[in-house]
Amino acid sequence: MNRYILLTLIALITAMFVLSYLTNNKRIVSYHERLTATKLKTVSQIIETTRMWVSSKGGVYVKVNSCSQPNEYLDIPGRDIVVNDTIMLTLFNPAYVTRQISELLAKEEKDVTIHLTSTKPIRKTNMADEWEQKALKTFTKESDSYFEKTGKDTHIVYRFIYPFFTRKSCLKCHGKDGYREGDLRGGLSISLDGKSQEEIVLSQKLENLSTHVLFYITFVILLIVLSYFLRKSMQNR
């Protein structure tokens, strides 16, 4: 095997390994993005199921204490019930239950933020930001979610929003705001700090690189050795 053929084979092997390495890197990133989207969607569906259950009951009454105060944004008759001198109950509607869950989760999971969002919120802090407004505009009645990886390499944030379409049971509280059954009221917005996810992706990329480098060096050495013995064999004829 002459030098030209050897160098050509090495070049082809190099191109194949580079292509394989880049393809695997894309698969790693794509896999983790899909996995993250699935996790966030699962969280949103659990919360939405809880909201549907609360809504189907017309809300749930809980004992008022330091952690469960009356909802100042819920202005309906019978919101508060005095049981006796020491016990008072207050009505939690689906939105307030969601806020309670979100605040509890924020204490337990520092990298996750959950909140209700709308372009016409009752609670001002729920006003949709620029990204949420963009996502809300994409929703139709057939839409089930919107997911996007945002930020820069130094600070990645995975963002997910689950739409809330007005159901008949929602009109008890939201009918006075002009909503009709089927209208898009807003959504459940979830943000996940991507630092831990990116660290996992980087670790797998490095593993991918080391594997490809090891196999590449092995192939090149074998090719050089094979070339050497072929030249020796031809010279001895």
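A. Layout of the overall build of the protein chain. Secondary structure assignment for the protein chain yields five helices and seven strands. Tracing the protein chain from N to C terminus, the helices and strands come up as α-β-β-β-α-β-α-β-β-α-β-α. Relative to a compact globule of 237 residues, whose C-alpha radius of gyration would be 18 Å, the protein chain shows 29 Å and is clearly more extended. Across the 237 residues that make up the protein chain, the buried fraction comes to 34%. For the protein chain, the proportion of contacts with a sequence separation of at least 24, taken over those separated by at least 6, is 63%. In the form shown here, the protein chain has an accessible surface area of approximately 15,400 Å², with 60% of it arising from carbon and sulfur atoms. Once the 33 positive and 24 negative side-chain charges of the protein chain are each reduced to a mean point, those two points are 8 Å apart.

B. Quick look at the packing of aromatic side chains. According to the stated counting rule, one finds six aromatic pairs in the structure shown. Measuring from centroid to centroid gives 6.1 Å for F147 and Y158, while their planes differ by 10°, and the two rings are stacked. One end of the pair, F147, is in strand β5 (residues 146–152); the other, Y158, is in strand β6 (residues 155–165), with eleven residues separating them in the sequence. Judged by relative accessible area, F147 falls into the partly exposed class, the value being 25%.

C. Geometry of the packing of helix α1 (residues 3–56) against helix α2 (residues 94–108). Packing of α1 against α2 leaves a shortest axis separation of 9 Å and a crossing angle of 145°. Classified by chirality, the crossing of α2 by α1 is right-handed. For the pair formed by α1 and α2, the contact residues are I47, T50, R51, V54 and S55 on the first element and P94, A95, V97, T98 and I101 on the second. A per-class count over the contact of α1 with α2 returns six nonpolar, three polar and one charged.

D. Geometry of the environment of V83. Checked against the element boundaries, V83 lands in the loop between β2 (80–82) and β3 (88–92). In this structure the C-alpha to C-alpha distance between V83 and G194, which are 111 residues apart in sequence, comes to 47 Å.

E. Representation of helix α3 (residues 130–137) within the structure. Listed as buried for α3 are W131, E132, A135 and L136. For α3, the arc enclosing every buried residue in end-on projection is 130°, short of the 170-degree limit, so these residues lie on one face. Residues of α3 that are exposed and point more than 90 degrees away from the buried face comprise E130 and K137. Contacts made by the buried residues of α3 are with β4 (112–117), β5, β6 and β7 (184–193). Regarding α3, its N-cap is D129, as a side-chain oxygen of that residue lies 3.1 Å from the backbone nitrogen of W131 further along.

F. Structural view of the sheet that holds β7. Across the sheet, four strands lie side by side as β4-β7-β6-β5; this open sheet has antiparallel pairing. Each edge of the open sheet carries a strand with a single partner, namely β4 and β5. Pairs of neighbouring strands in the sheet enclose a mean axial angle of 20°, with direction left out of account. For β4 and β7, the ladder comprises six bridges, and the chain directions are antiparallel. Within β7, the position partnered with H115 by the bridge is S189. Contacts from α2 reach β4 and β7 within the one sheet, and its direction differs from that of β4 by about 165°. Of the strands in this sheet, β4, β5, β6 and β7 are in contact with α3, which crosses β6 at around 45°.

G. Up close: the nonpolar core. Membership of the largest hydrophobic core comes to 13 residues, with the highest contact counts inside it found for L40, I114, L188 and I190. Elements that contribute at least two residues to this core include exactly α1, β4, β6 and β7. In terms of residue count, the dominant contributor to this core is β6 (five residues). When neighbours within four sequence positions are excluded, I190 is seen to be in contact with L40, V43, S44, V112, T113, I114, Y158, R159 and F160. One finds A135, F139, I161 and F165 within the second-largest nonpolar core, a separate group that totals seven residues.

Rules and cut-offs
- Residues numbered from 1 in each chain as written.
- Predicted model: local features only at pLDDT ≥ 70, side-chain atom pairs only at ≥ 80, totals over all residues.
- Heavy atoms only, no water.
- Helix = DSSP H or I, 4+ residues; strand = E, 2+ residues; numbered from the N terminus.
- Rg over C-alpha atoms; globule rule 2.2 N^0.38 Å.
- Buried < 20%, exposed > 50% of the residue type's maximum accessible area, 1.4 Å probe, protein only.
- Contact = heavy atoms within 4.5 Å.
- Areas by Shrake-Rupley, 256 points an atom, 1.4 Å probe, with all protein chains shown as cover.
- Lys, Arg positive; Asp, Glu negative; His and termini not counted.
- Charge placed at Lys NZ, Arg CZ, Asp CG, Glu CD.
- Phe/Tyr/Trp six-rings, centres within 6.5 Å; stacked < 30°, edge-to-face > 60°.
- Axes fitted to C-alpha atoms, helices over the stretch in contact; angles between N-to-C directions.
- Left-handed = near helix turned anticlockwise from the far one by under 90°.
- Nonpolar A, V, L, I, M, F, W, Y, C, P; charged D, E, K, R; others polar.
- Arc of directions from axis to C-beta.
- Polar contact = N/O pair within 3.5 Å; in protein donor to acceptor, adjacent residues only side chain to side chain.
- Pairing = 2+ DSSP bridges.
- Core = buried A, V, L, I, M, F, W, Y, C linked by side-chain atoms within 4.5 Å.

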